[in-house]
Each structure stands twice: as C-alpha cells, then as structure tokens.
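The chain contents come next:
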Amino acid sequence: MAFNFNNLSSKYNIILAEDNPEHQKLIKKMLEKYNLNIDIANNGKELLSMLEHGPHYDLILMDIQMPIMDGYRATEEIRKKPRFSEIPIIGITAFAMEGDEQIAIAKGMNDYITKPIDKQILYKTLSKYLLLK
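1. Remarks on the environment of P21
Argument step 1. Along the chain, the position of P21 falls in helix 1 (residues 21–32).
Argument step 2. Along the chain, P21 and I40 lie 19 residues apart, while their C-alpha atoms are 9.9 Å from each other.

Below, the structure is given as structure tokens:
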C-alpha cells in the first residue's frame with residue numbers, strides 16, 4: 001500500500017540542507033505539493049543552528065557537498081547530540097561513486113539518494129521514515 005502524503009496536512013517539518021538555489025527550489029517544489037513544511041539551510045553550520053533554535057524537525061535532507069560545513073561533518077555533529085540522534089537523515093549527492101552510500105551510512109545518515117533526484121525515489125525514501133512517526 002502506497003503512503004499518501006496528501007493526508008499529512010503539514011504534519012511533518014523537514015530541513016533541506018542544500019547550497020544550490022536551483023536545487024533548493026526544485027526539491028522544495030517537489031515536497032510542498034504534499035503539504036510538508038520545508039525549511040532550507042544553505043550549509044551544515046546553518047542547519048545545526050536551525051536544529052538548536054527552530055521547531056522540532058522530523059527529517060533532514062542533507063546535501064553531502066556544501067561550503068562551510070559539508071553534509072558528512074554536519075551529520076556527525078547532529079549524531080553527537082542525544083536529542084537529535086533519532087532524526088532521520090537522508091544524504092543527497094550529485095557525485096555518487098561506488099562506496100559513497102556506505103560512507104554516508106557510516107557517518108550517521110539513515111539513507112542516501114542521488115541527483116538528479118527521481119521523484120518516485122524521493123517519495124519512497126521519505127515515506128520509509130515519515131511512516132515511523
């Protein structure tokens with residue numbers, strides 16, 4: 001049975017950590033039509049600040065290659081904090097090489113998808129973690 005995001009009615013808060021404005025717009029557009037609340041961080045350092053000072057977040061979409069603080073380092077920092085340790089983190093990268101998914105998981109990410117983002121893969125991946133709530 002497929003998960004119907006339309007029934008969420010803005011129930012979930014997601015942070016998208018992505019430095020590319022075009023990718024931000026594209027991913028946000030994909031998700032907004034499913035009534036998910038999306039906040040955007042331009043790098044890992046900004047993401048950490050948002051986690052500390054913002055609302056509760058249910059999931060993080062984390063670009064791996066960002067300036068100031070990359071997705072791997074940000075994930076490691078998040079996993080050090082007990083109150084954020086259970087937030088699912090899905091890594092996103094355009095530079096997928098063999099072994100990258102294993103590195104992402106080892107750094108503390110729960111899952112991993114590649115760019116260009118396939119809508120069906122994105123929705124399927126999100127539903128694995130949002131259904132746990």
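2. Overview of helix 5 (residues 119–130)
Argument step 1. Along its twelve residues, helix 5 runs 16 Å from first to last C-alpha, staying within 8% of the 16 Å computed at 1.5 Å per residue.
Argument step 2. When helix 5 is considered as a whole, its buried residues turn out to be L122, Y123, T125, L126, S127, Y129 and L130.
Argument step 3. N-cap assignment for helix 5: the residue whose side-chain oxygen lies 2.9 Å from the backbone N of Q120 is D118.

3. Comments concerning the environment of Y129
Argument step 1. Tracing the backbone shows Y129 in helix 5.
Argument step 2. In this structure Y129 comes out as buried when scored by relative accessible area, which is 12%.
Argument step 3. Note: C-alpha distance between Y129 and I90 (39 residues apart in sequence) is 9.5 Å.
Argument step 4. Those residues in contact with Y129, other than ones at most four positions away along the chain, are L59, P88, I90, N110 and D111.
Argument step 5. Only 2.9 Å separates the side chain of Y129 from the side chain of D111, close enough to count as a polar contact.

4. Side note on the pairing of strand 4 (residues 89–93)
Argument step 1. Burial analysis of strand 4 places five of its five residues in the buried class, which makes it a mostly covered element.
Argument step 2. Burial of the side chains of strand 4 extends over both faces: I89, G91 and T93 are buried on one face and I90 and I92 on the other.
Argument step 3. The pairing of strand 3 (residues 59–63) with strand 4 spans four bridges and is classified as parallel. Of the residues in strand 4, the one forming a bridge with D63 is I92.
Argument step 4. The parallel pair strand 3 and strand 4, bridged by helix 3 (residues 71–79), forms a crossover whose chirality is right-handed.
Argument step 5. Inspection of the sheet shows strand 4 paired to strand 5 (residues 111–114) by four bridges, in the parallel sense.

The rules behind each value
Residues numbered from 1 in each chain as written. Predicted model: local features only at pLDDT ≥ 70, side-chain atom pairs only at ≥ 80, totals over all residues. Heavy atoms only, no water. Helix = DSSP H or I, 4+ residues; strand = E, 2+ residues; numbered from the N terminus. Expected span 1.5 Å × (residues − 1). Buried < 20%, exposed > 50% of the residue type's maximum accessible area, 1.4 Å probe, protein only. Polar contact = N/O pair within 3.5 Å; in protein donor to acceptor, adjacent residues only side chain to side chain. Contact = heavy atoms within 4.5 Å. Pairing = 2+ DSSP bridges. Right-handed = clockwise from strand over helix to strand, strands pointing away.

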